[in-house]
Structures are given as C-alpha cells and as structure tokens.
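Below, each chain spelled out in residue letters.
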Amino acid sequence: MTDDQETTDTEDTTPSGSATLPPLRPPCERLSCHKSSVCSRSYFVVVMVFFHVYIINVIALLFYVHYSSGQEDASRSRDAQSSGHQRPESGPPPSKTEFLRDVSLTRIEGIRVGHVQKVSLVPGRVHEMRTLSLKPLLFEIPDFLSEDECRVVMQLAQLKGLMESQLMVQDGQEELAKELNLSPEEIFNLLDINQDGQLQLHEILTHSRVRDGIWLTPENLREIYAGLKADKDGNGLLSLEEFRLLSNDAFQRFLMQRGVKRSQLVRNSRHTWLYQGKGAHQVLQDIKARVTRLTRLPPYLVDLSEPLQVVRYEEGGHYHAHHDSGPVYPETACTHTRLAANTSTPFETSCRYITVLFYLNSVEGGGETAFPVADNRTYDEVSLIQNDVDLLDTRRNCNKSNLKVKPTKGTAVFWYNYLSDGRGWVGEQDEYALHGGCVVTHGTKWVANKWINIDPDYQRQARYQQLVSQQPGDEDDEGLTLNLDTHSSDIHQDL
C-alpha cells in the first residue's frame, strides 16, 4: 500500500457529518507554550518567597526595637528607684514637671457580688475574700484578725485612753466663714442644692449636720422653725427673705439653749489613735503589713497614711451615714499632703483612698455597718431624704439600707472611696461609698479603722513623699507625723 492510500484511508475513518478537527500546531509551538507557563509559576513562587522573607525581617526588626526600648526603660526605672532611695539634699520642693507618672495603684477586681477569691495574707494560710458590692467596690475577709490580736488592740486603746469622737462645732468652721465673708444671698445659693429659690428640709438638715455636727430630724427642724419663727408662711420651706432674718448661728444658739443630747450628735462614740511604726507593738506592725499585702499597694503609701484608729460604741452609740473622704477640687488640699500644697489653699479634706474596717468583737445587738445606696442603679443626693424618711439616719432607718454587714470578731471589710482615673491613679470620689454605723441596741461595739491616704494630685503626693524623705527618722511613721506637724488631731480628722 502506498503512502497516498494510507492517507486516504485515514481520512475516510472520520465519521460523516462531523466537523473537521483544526490542524494540529507544530510540536515546536506546543513546547514553547509549556516553557512559558513553567516560567510564570516559577517567577510567582520566587516573588512570594522574597515577599515573605521581607515581612519576617520587618517583624523581627519591630521585636528588636520593642525589647531594646523596654530594657532601656527598665534600666532607667531601676536607676530612678536606686536614686530615690538616696536622701535628697535639702532645698525647696521641686516643680511639678520633675515627677513623671511611674507608679500605678493596683485595684482589686470585684468580678460580681458573692464572688470569692483566695488571698495570701500570712505565711502558711489562705484567706477567703468575698465581694459584697461593686458600687462601692467592697470586700469582706473573715478571720482577718485572730482573737488574741483583737484583744491586744482593745487593751492598747484602753491603755492609751479614748476620747469623745464628736465635737459640737468642727474646728476652723467659724474662722473659715469669717474669712470668706459670705453674704446671706451667697449662703442661700450655696445651700439651695436644686436652685429652686426655696430651702427644703433636707437642704437645711445637710448643712446643719456638716457645720454643727448635730443630727436633726425633720421633726426637730420644724420645732426650731417654730421656736425661731423662721417659717412665716408655715409651708416648711425657707425663702430668701425668711432666710435673711436668721443669723448665721441661729440654729446653734437655739440648740444650746435647749441642750443637745448625745443621741443628736452625728457620731456618738469614743476613739483613740495607735501608731504602727518602728517600735510599736508587734501586733500593730503585723496588722499594717497584712493591710499592705491585702491592698497590694506600695508599702510607703501605707507607711505614710494615718495610724490605726480604734473606736468604741456603747449601747446607743451610732455613726450616721457619711463618706470617709471628701471630694477634691482644684482649690482643695489633702490634709496629709498639705505641706506640699499651695499655702493659699482655703480648704482641706482627708483624702482616704481605701478604708479597711476591723471588727474587734461580735456585737450582741445592732451595730451593723450600713451602706444605704450600695449597688443602686443611680445616686441622687436629694433623694436621700424624702417624705421624712432619712436614709442617712442610722438610728431609725438602718433597715432601709441596701447592704448591712454584721460585726463579727476578727472580720475585716474594706472598700475604695475613690474610683480609678483610668490611668492607674486616684479618680473621682465614689459616692456609693456612703456608709454608717447602726445604733448599738445591746452590748458594746469595738472597731478599728486603717485608712490609706493618697492624694488624687499625683504631683502633690510625689512632692510630699520627697519632703518626708528629708525628715529625720523617715522609717518611723510616728516620728514622721510628729516631726512634720505636732498637732496630730489636725492631721487625722473624723469625717
């Protein structure tokens, strides 16, 4: 068979009616196309490898810069700390710009009401700390003190001697009023909280309790109005015209003429202060060390705070609802750092960041610690006294408080009086920290308070700490207090 015949036979095998196939490309063209595809994929792989290597190098460089700067910061921090332990040369207080924010206040998380967390406060033992409320952030630690420690603290307080906890008129109030020289209109506007042009009962009551230290009920106030003939129209409100007819000390004079009972004071108790510094009884030093571990704050902040206050309430004793610490405004100085404050600052308050309250005995009847607005959805000062129901009155309305803590020997409760500023320091006052001591109906109540004093003004706190470091005997908090100011009663105010 010839070649032409073979070709004809092959073409005849194609089915009839079907489209003829396109001519096949030359082998050289197919080979060339295949090489181009392989080259494209190889080029893509090479590019991706270089890209990933570049990304890895960038990440490695960022890590190197981060850890290098971290080591430098740590080195600078160690140098600053080591230099801080050296006694600086005497001289004027440094300017505010010389102190960088390098301290952060540890704040314990409450998680939720009823949450229990383990805390290590003494060697070989674990305590349980239970969250009682989130507003304020409040915790309870059973068996914080042993029975022997409670006994020793009470005996030391009795040995030193207890004094009355409440004065009729707080020191400095009259001098301050004279210095400000306020007109009746200015005083009226100061008292008129809701600015409605009328003074309601609760507005007058709040002023009297703060200024005079006397706890009046709405019934008492109506009786005073009648005695002074202050409320001319008898509507229970004081207008500016009616207020002008009253002298600044009209209420005080009226009460003094009638005689004030102990039950009418804001606080009815006796107290003393026990220093916890070097040379103090070992139990007092142990308690301070335990508080430091509990609060997780720098030890020097605890050392520079107030001594331990011990308070005894007899039957009928009470402490109406109050805040341990006052709000701090630009024109306000904290009492414990007043040496580092502007001398022209007209107002002072005790800045108590944390309150740690110890129950030294179990009370037979009453004596609970009440938190009237704990975990309330909102806080409204005006609503605390409504329709003759005074939530601040711990003699009559303790049962209306949102939370009450029963005094049990050895138990400690502690709470934050301030919020955080979001940057690791003291923020605004926590208004929900309002609390009081319910009336003791049977027996005697012994408690102790340890306050941690921190100035919301970080610069002022830092200047104060530097001033203290220049004083002799800086490891003894009793010596510090006495060297800085011999009038300890001025340093430790009862709020």
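Residues numbered from 1 in each chain as written. Predicted model: local features only at pLDDT ≥ 70, side-chain atom pairs only at ≥ 80, totals over all residues. Heavy atoms only, no water.

1. A few points about the confidence of the model for the protein
The pLDDT averaged across the protein works out to 78; a share of 67% of its residues lies at or above 70. Predicted confidence for residues 1–22 stays below pLDDT 50, and this span has two contacts to residues more than four positions away or in other chains. Long-range and interchain partners of residues 474–495, a stretch whose pLDDT sits below 50, account for 55 contacts in this model, where long-range means more than four residues apart. (pLDDT = per-residue confidence, 0-100. Contact = heavy atoms within 4.5 Å.)

2. So, the environment of T394
One can find T394 in the loop between β15 (389–390) and β16 (403–405). Residue classification places T394 among the buried residues on the basis of a relative accessible area of 4%. A C-alpha to C-alpha distance of 6.9 Å links T394 and H318, two positions 76 residues apart in sequence. Residues in contact with T394, not counting those within four places in the same chain, are H318, Y319, H320, A321, G436, G437, C438 and V439. Side-chain polar atoms of T394 contact the backbone oxygen of Y319, separated by 3.3 Å. (Helix = DSSP H or I, 4+ residues; strand = E, 2+ residues; numbered from the N terminus. Buried < 20%, exposed > 50% of the residue type's maximum accessible area, 1.4 Å probe, protein only. Polar contact = N/O pair within 3.5 Å; in protein donor to acceptor, adjacent residues only side chain to side chain.)

3. Looking at the sheet that holds strand β5 (residues 267–268)
Within a sheet, each strand pairs with its neighbour through backbone hydrogen bonds, oriented either parallel or antiparallel. Strand order across the open sheet formed by five strands is β5-β8-β20-β13-β16, with antiparallel pairing between neighbours. Strands at the two margins of the open sheet, each flanked by one partner only, are β5 and β16. Summarising the sheet, strand β13 (residues 369–371) and strand β20 (residues 435–437) pair through two bridges and their orientation is antiparallel. Bridge pairing in β20 places T369 opposite G437. (Pairing = 2+ DSSP bridges.)

4. Points about the sheet that holds strand β1 (residues 116–122)
Ordered by their spatial adjacency, nine strands build an open sheet running β1-β2-β3-β17-β11-β22-β7-β6-β4, and the pairing between neighbours is antiparallel. Looking at which strands have only one partner, the edges of the open sheet turn out to be β1 and β4 (163–164). Pairing analysis gives five bridges linking strand β11 (residues 352–359) to strand β17 (residues 412–416), with the strands arranged antiparallel. Of the residues in β17, the one forming a bridge with F358 is A412.

5. Overview of a negative patch on the surface
A cluster of acidic side chains, namely D380, E381, E428 and E431, defines a negative patch on the protein surface. Residue position: E431 is located in the loop between β19 (426–429) and β20. (Patch = residues over 30% accessible without salt bridge, like charges linked within 9 Å, V, L, I, M, F, W, Y side chains within 5 Å. Areas by Shrake-Rupley, 256 points an atom, 1.4 Å probe, with all protein chains shown as cover. Salt bridge = Lys/Arg side-chain N within 4 Å of Asp/Glu carboxyl O. Lys, Arg positive; Asp, Glu negative; His and termini not counted. Charge placed at Lys NZ, Arg CZ, Asp CG, Glu CD.)

6. Some remarks on the nonpolar core
In globular proteins that are soluble, nonpolar side chains generally tend to be buried together. Core analysis: the largest hydrophobic core is formed by 48 residues, its most contacted members being F358, L360 and F414. For F414, the contacting residues outside a window of four places in its chain are I108, M129, L137, L138, F139, I141, L294, I354, T355 and V356. Counting residues in hydrophobic clusters, the runner-up holds 18 residues, among them V311, F371, V405 and A433. (Core = buried A, V, L, I, M, F, W, Y, C linked by side-chain atoms within 4.5 Å.)

7. Topic: unusual backbone geometry
Cis rather than trans, the peptide bond between K135 and P136 has omega equal to 5°. Counting through the fold element by element, P136 comes out in the loop between β2 (125–133) and β3 (138–141). The backbone phi angle of D143 is positive, close to 55°, even though this residue is not glycine. Positive phi, normally seen in glycine, also occurs at K229, with a value near 55°. Within the element layout of this structure, K229 appears in the loop between α7 (218–228) and α8 (240–244). Take K229: its relative accessible area is 63%, and that puts it in the exposed class.

8. Notes on the pattern of salt bridges
One pass over the structure, following the stated rule, counts 14 salt bridges. Linking R423 and D421 is a salt bridge whose minimum nitrogen-to-oxygen distance equals 3.7 Å. Judged by relative accessible area, which is 25%, D421 ranks as partly exposed. One salt-bridge network, held together by shared partners, links R101, D421 and R423.

9. Notes on the packing of helix α3 (residues 147–160) against helix α10 (residues 282–295)
When two helices pack together, their arrangement is captured by the angle between the axes and the distance separating the axes. Running from N to C, α3 and α10 cross one another at 120°; their axes reach a closest spacing of 10 Å. Read as a crossing pair, α3 and α10 show a hand that is left-handed. Residues E149, V152, V153 and L156 of α3 form the contact with α10, whose own contacting residues are V283, L284, I287 and R290. Residue composition of the contact of α3 with α10, by class: six nonpolar, no polar and two charged. (Axes fitted to C-alpha atoms, helices over the stretch in contact; angles between N-to-C directions. Left-handed = near helix turned anticlockwise from the far one by under 90°. Nonpolar A, V, L, I, M, F, W, Y, C, P; charged D, E, K, R; others polar.)

10. A closer look at the state of the cysteines
Using the criterion set out here, one finds two disulfides in the structure. Across the disulfide, C334 is cross-linked to C351 (sulfur-sulfur distance 1.9 Å). For the disulfide bridge between C334 and C351, the dihedral angle about the S-S bond is near -80°, and by the sign convention the bridge is left-handed. Here the residue C334 occupies a position in strand β9 (residues 332–334), and C351 occupies one in the loop between β10 (347–349) and β11, the gap between them amounting to 17 residues. Since its relative accessible area comes to 0%, C334 is described here as buried. On the basis of relative accessibility, which here comes to 1%, the residue C351 falls in the buried class. (Disulfide = S-S within 2.5 Å.)

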